[in-house]
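Summary of the model geometry
Each chain is listed here by its residues.
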Amino acid sequence: MLGTIANATTILIGSITGSTLKKGIGERYKTIMMDSMGLAATALGINSIVGAMPNSRYHVLFIVSLALGGLIGTRLSLDTAFARAVSKISRGSDLAQGLSTAILLFCAGTLSILGPMQSALQGDNTYLYTNAILDGITSIVLSSTFGIGIALAALVLFCWQGAIYLLAGLIQPFITDALMTEISLVGGILILASGLGILGIKEIKTLNLLPALLVPPIAVTILSALGI
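Residues numbered from 1 in each chain as written. Predicted model: local features only at pLDDT ≥ 70, side-chain atom pairs only at ≥ 80, totals over all residues. Heavy atoms only, no water.

1. Considering the overall build of the protein
Regarding its fold elements, the protein presents twelve helices and zero strands. Going from the N terminus to the C terminus, the protein shows its helices and strands as α-α-α-α-α-α-α-α-α-α-α-α. The globule rule puts the C-alpha radius of gyration for 228 residues at 17 Å, and the 17 Å found for the protein is close to it. For the C-alpha atoms alone, the extent of the protein along its principal axes is close to 60 × 40 × 30 Å. Each of the 228 residues in the protein was classed as buried or not, and the buried ones make up 45%. Pairs at least 24 apart in sequence give 85% of the contacts found in the protein among residues at least 6 apart. As displayed, the protein has an accessible area near 11,400 Å², and 70% of this comes from carbon and sulfur atoms. (Helix = DSSP H or I, 4+ residues; strand = E, 2+ residues; numbered from the N terminus. Rg over C-alpha atoms; globule rule 2.2 N^0.38 Å. Buried < 20%, exposed > 50% of the residue type's maximum accessible area, 1.4 Å probe, protein only. Contact = heavy atoms within 4.5 Å. Areas by Shrake-Rupley, 256 points an atom, 1.4 Å probe, with all protein chains shown as cover.)

Below, the structure written as structure tokens:
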């Protein structure tokens, strides 16, 4: 768990650093920082989509995943529940958007999924240390825009990676290249959606789409068992 602790710690340090910088940033600079973060999230999402889509074996699975995930998330009103929880921490309406973007960026990446498995099964924390550096830098930018509340993403990441670490032996046979491709594709689309929201291009309830990430593991496992 040392790599996961390091990863969560860098997010905490980055969030504190970024939020401290925010106090001395004028409004026009905060605006350009938000635009920069929106462009960065959009670029990361597009990069993930472009990298994964050509390798996808199930070309319509991401569409089915988004549709089913959106229906489930909307039925559960995940965005409303999340916004209500965040409102207790901050009066700023932007924090919910920033925190949801942070959680996607920190948890939906390949390094954040394979890292805990590599750590648990091989004792190698290379992926997690690499991810820690990337997340630390990202958290500085996010918190300088959205505030110290971004630090909550460290707790989510710790629970996410901790669960994968503890279950590594059981889930390893199911983490195939095909599955990682489908997860990266859906995750990239969700990150892109967050970027569009930050830029004010299209407000998408990304949180309601989060269950879409659960569809590929189930679908790929069933299709693989059927030899498809």
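2. Considering empty space enclosed by the protein
The tally for this structure, following the rule as stated, stands at one cavity of 30 Å³ or more. When its volume is computed, the largest cavity comes out at roughly 30 Å³. Lining the largest cavity, in full, are Ser100, Ile103, Leu104, Thr206, Leu207 and Leu210. Those elements that place two or more of their residues in the lining of the largest cavity are α5 (94–107) and α11 (206–209). Ranked by residues supplied to the lining of the largest cavity, first place goes to α5 with three residues. Here the residues of the lining of the largest cavity are counted per class, giving four nonpolar, two polar and no charged. (1 Å grid on protein atoms, 1.4 Å probe; cavity = no way out; pocket = protein on both sides within 12 Å on 5 of 7 lines; lining within 4 Å. Points joined across faces, edges and corners; volume = space filled by probe spheres on them. Nonpolar A, V, L, I, M, F, W, Y, C, P; charged D, E, K, R; others polar.)

3. Considerations on the environment of isoleucine 198
With respect to the secondary-structure elements, isoleucine 198 resides in helix α10 (residues 177–198). Judged by relative accessible area, isoleucine 198 falls into the buried class, the value being 7%. Sequence separation between isoleucine 198 and leucine 179 is 19 residues; the distance between their C-alpha atoms is 29 Å. What isoleucine 198 contacts, discounting residues up to four positions off in sequence, is Met34, Gly38, Gln97, Thr101 and Phe146.

4. As for the packing of helix α2 (residues 27–52) against helix α7 (residues 126–146)
Pairs of packed helices are described in terms of their axes, by the angle between the two and the distance that separates them. Between α2 and α7, the shortest axis-to-axis distance is 9 Å and the interhelical angle comes to 135°. Judged on the interaxial angle alone, α7 and α2 are oblique. With respect to the hand of their crossing, α2 and α7 are arranged in left-handed fashion. Contact with α2, carried on its side by Met33, Met34 and Met37, involves Val141, Leu142, Ser144, Thr145 and Phe146 of α7 and no other residues of that element. Classifying every residue of the contact of α2 with α7 gives six nonpolar, two polar and no charged. (Axes fitted to C-alpha atoms, helices over the stretch in contact; angles between N-to-C directions. Parallel < 35°, antiparallel > 145°, perpendicular 65-115°, else oblique. Left-handed = near helix turned anticlockwise from the far one by under 90°.)

5. A word on the nonpolar core
What tends to happen in soluble globular proteins is that the nonpolar side chains get buried as a cluster. Ranked by internal contacts, the top residues of the largest apolar core, which has 35 residues, are Leu66, Phe106, Leu142 and Phe146. Mapped by element, the contributors of at least two residues to this core are α1 (2–22), α2, α3 (61–76), α5, α7, α8 (152–166), α10 and α11. The greatest single-element share of this core, amounting to nine residues, is contributed by α5. Apart from residues no more than four positions distant in its own chain, leucine 66 is found in contact with Val186, Ile189, Leu190, Leu209 and Ala212. One finds Tyr58, Ile113, Ile164 and Val215 within the second-largest nonpolar core, a separate group that totals twelve residues. (Core = buried A, V, L, I, M, F, W, Y, C linked by side-chain atoms within 4.5 Å.)

6. Comments concerning the packing of α1 against α7
The contact between α1 and α7 brings their axes to 7 Å, and the two run at 25°. In terms of axis orientation, α1 runs roughly parallel to α7. Our pair here, α1 against α7, has a crossing hand that is right-handed. Across the contact of α1 with α7, the residue classes break down as nine nonpolar, 15 polar and two charged.

7. Notes on a nonpolar patch on the surface
Side chains of Val60, Ile63, Val64, Leu68, Leu71, Ile72 and Leu76 sit close together on the surface and give an oily, nonpolar patch of about 650 Å² of accessible area. Here leucine 76 is to be found in helix α3. Owing to a relative accessible area of 54%, leucine 76 belongs among the exposed residues under this scheme. (Patch = residues over 30% accessible without salt bridge, like charges linked within 9 Å, V, L, I, M, F, W, Y side chains within 5 Å. Salt bridge = Lys/Arg side-chain N within 4 Å of Asp/Glu carboxyl O.)

8. Here's the deal with the environment of leucine 61
Tracing the chain through its elements places leucine 61 in helix α3. What makes leucine 61 buried here is its relative accessible area of 9%. Counting along the chain gives 97 residues from leucine 61 to phenylalanine 158, while the straight-line C-alpha distance between them is 29 Å. With sequence-adjacent residues up to four places away left out, leucine 61 is seen in contact with Glu182, Val215, Pro216, Ala219 and Val220.

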